[in-house]
Structure formats: C-alpha cells, structure tokens
Amino acid sequence: MTLRLKPASARRILRTRPFFVGLSEPSPWTGYLRYFERNQSAPVPTLHDLRDLRISWSAELGRSLGIFRLGETGEGRIAHEIESADYFPVDPVYSSALKLFVAEEGKHAAILGNMLRELRQRPVEQNWTYRLFFVARRAIGLRVKLMVLLAAEIIGCECYGLLARALPSNSAGAALAGIQKEEKVHLGFHCHFFYLLGRNILSKTLWRVMYETIAHAACISVLIDHRRTFRKMGVGYGEVIGRFLRRIAQGRQLLRNGCPHPAIAEAIL
Ligand SMILES: [Fe+2]
Ligand SMILES: [Fe+2]
C-alpha cells in the first residue's frame, strides 16, 4: 500500500519528528546546479572568419562587446558573500549553483575577449554604464546585488540576441547566440530566487518595485550608451524599447510564478 501525503503534511512531519534526523526537504536549486555542472564541460566556441566584421563593424561592435565584457567580470565577490547568508532560499545547493553561475559569466567574458582580439579591438577599460553597474553591484546587501545581476540578465538576453541576429552567418553570431541561451537560464535562476524570497505581500511588493526600478534604469542606460551599435545594426529605437519592455515583462512574470527549472527558462524565454 502506498502512503500518500500532502506536501504540507510531509513538511510538518520532517520538521517535527526527531527520529527522521538526516532527512531534509529537497533543495529547490538541484535542477540549476545540475545545469551549471553540465555547462561547465561545454567547450568554448572557436571564432573564425571575422575579417568582414573587422572592416564594416569593428568600431561600434568592438565598443559594445568591450562594455559587455566588463559587465561579465568581477562577480567573484558575491560567490564569497553567499557563504555567510543563512536565510531561505539560500542553501548549500544554491551556494554551489551561484559559484558555477559566476564561473559561467567568466566564460562569457573570455568569449567576448576572444572576439575583441579577432576584431583587433582593444578591451574597454572604463565606461559610464559599467560604472553605474559596478557601483550598484557593490550595494549593501546580497539581495540588492542579486537584483542588480537580475537586471543585467535582461540586458544580456536582449543585447546578445540582437547582435546574434545581426551576425547570423558568422562564428561570432553563433557564439553570441550561445551566450544569450545561457543568459536566459540566468534570468530564470535569479527570478526564482526572488520568487521564493517574497514570502509575504510586503516583501513581494518590495522586490517587485525594486525590480521595475533597476530593470528600467538599466535598459534606458544601455539604450543611450549603445545607440550607435543599434543604429549600425539597422534596429530602430522603437524596436529596441519594445524588446526591452517585453523582456522586463517576462521577468515580472517569472518573479510572480517562479522558474523552478532551467528547462522552463529555456522554453519560455
Ligand atoms: Fe553573461
Ligand atoms: Fe548572465
């Protein structure tokens, strides 16, 4: 005979029965940890045939890629800070997944660095939108930092997608499409964190207001800073704004409903 329990009853039993020591609830992050572990062994894409890009695109593309590369670096600090967080939904599985997420962003920076070398462009050392991102990322509190990273995923999902579509028959375009695919999962990963974190109406509202503010501010600054690249790609302001707003709406939906598995992010984003 199979004993059927409601999830709430099972949780209560696990909490209140000392003889079940050693049994714990499954982590909500197992799917993401497996995903990041699998991705770790994926090869870094090789780049070839960027000669045409060097001639027609290099200045605008090099500048934008250089700024995005800056944004992909320097998240190591958060991987240390997560060790001292002791609140739900942080658990050891989340900490491990977050460290692998940081490593994946480092891989993106390396791919973008390779593109800059192929395009014979010098890496960008400083930039005002990166400066804003850098200051915001150093904000007090791990949760605010994670919200800033969430907003950066909105930018990543859209900008890498736009660039990949503009360079469809190029190895750089394929590599950017690969990065965009991973940014979508990152977006789901961060949204699920804030979905689980908002346990009452007050905290849900607080995180939603912060999400709207930071995500819109990030999109506006990128729109201004990369306007020449968008123009070069033949993408008008109206289209870029529409794309950013749709992506923000998707994030809003994930904050409301959660995104418990990377496959969901890959399917719906
Ligand atoms: Fe990235
Ligand atoms: Fe990302």
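Residues numbered from 1 in each chain as written. Chains lettered and ligands numbered in written order. Predicted model: local features only at pLDDT ≥ 70, side-chain atom pairs only at ≥ 80, totals over all residues.

Re the overall build of the chain
Our working rule: Here a helix means four or more residues in a row that DSSP labels H or I, a strand means two or more in a row labelled E, and each is numbered from the N terminus. In this description the radius of gyration comes from C-alpha coordinates, and the expected globular size is given by 2.2 Å times residues to the power 0.38.
Helix and strand counts for the chain come out as 13 helices and 0 strands. In the chain, the succession of α and β elements from N to C terminus is α-α-α-α-α-α-α-α-α-α-α-α-α. Computed over its C-alpha atoms, the radius of gyration of the chain comes to 20 Å, within 12% of the 18 Å expected for a compact globule of 269 residues. Across its three principal directions, the C-alpha atoms of the chain cover 70 × 40 × 35 Å.

Topic: the packing of helix H8 (residues 142-166) against helix H9 (residues 171-197)
The following threshold applies: Orientation is described by axes fitted as lines to C-alpha atoms, over the contacting stretch for helices, and by angles from 0 to 180 degrees between their N-to-C directions. To sort the angles, those under 35 degrees are grouped as roughly parallel, those over 145 as roughly antiparallel, those from 65 to 115 as roughly perpendicular, and the leftovers as oblique. Should the near helix be turned counterclockwise from the far one by less than a right angle, the crossing is left-handed, whereas a clockwise turn marks it as right-handed.
For the pair H8 and H9, interaxial distance at closest approach is 8 Å and the crossing angle is 150°. When the axes of H8 and H9 are compared, the pair comes out roughly antiparallel. By crossing handedness, the relation of H8 to H9 is classed as left-handed.

A closer look at the environment of Asn170
Quick note on the threshold: Any pair of residues counts as being in contact when their C-beta atoms, constructed from backbone geometry, are within 7 Å of one another.
Locating Asn170 in the fold gives a position in the loop between H8 and H9. Taking the C-alpha atoms as reference points, Asn170 and Asp49, separated by 121 residues in sequence, lie 7.2 Å from one another. With near-sequence residues (within four places) excluded, Asn170 lies in contact with Asp49, Leu50 and Leu53.

Some points on the packing of helix H2 (residues 30-40) against helix H6 (residues 92-118)
The condition that has to hold: In this classification, Asp, Glu, Lys and Arg are treated as charged, Ala, Val, Leu, Ile, Met, Phe, Trp, Tyr, Cys and Pro as nonpolar, and every other residue, Gly included, as polar.
At a closest axis distance of 9 Å, the pairing of H2 and H6 adopts a crossing angle of 35°. For H2 against H6, the interelement crossing comes out left-handed. Here H2 contributes Thr30, Tyr32, Leu33, Phe36, Glu37, Asn39 and Gln40 to the contact with H6, which in turn contributes Val93, Ser96, Ala97, Leu100, Phe101, Ala103 and Glu104. Grouping the constituent residues of the contact of H2 with H6 by class yields 8 nonpolar, 4 polar and 2 charged.

Looking at unusual backbone geometry
In this chain, Phe88 is followed by Pro89 through a cis amide linkage whose omega measures 10°. Structurally, the position occupied by Pro89 is in the loop between helix H5 (76-81) and H6. One non-glycine residue with positive phi stands out, namely Arg120, at about 60°. As for its position among the elements, Arg120 is in the loop between H6 and helix H7 (128-137).

Let's talk about the nonpolar core
Going by this rule: What makes a nonpolar core is a set of buried Ala, Val, Leu, Ile, Met, Phe, Trp, Tyr and Cys residues, with links drawn between C-beta atoms within 7 Å. Exposure is read from a count of other C-beta atoms within 10 Å of each residue's own; the residue is exposed at 12 or fewer, buried at 20 or more and partly exposed in between. C-beta atoms are placed from the backbone.
Counting 65 residues, the largest nonpolar core has Ala97, Ala151, Ile154, Leu176, Cys191 and Ala218 as its most contacted members. With 15 residues, H8 is the largest single contributor of residues to this core.

Observations concerning the confidence of the model for the chain
Under the convention used in this document: Note: pLDDT gives the predictor's confidence per residue, expressed from 0 to 100.
Per-chain confidence: the chain averages 89 in pLDDT, with 91% of residues scoring 70 or above. Here helix H1 (residues 7-16) is the element of the chain with the lowest mean pLDDT, 68, and H2 is the one with the highest, 97.

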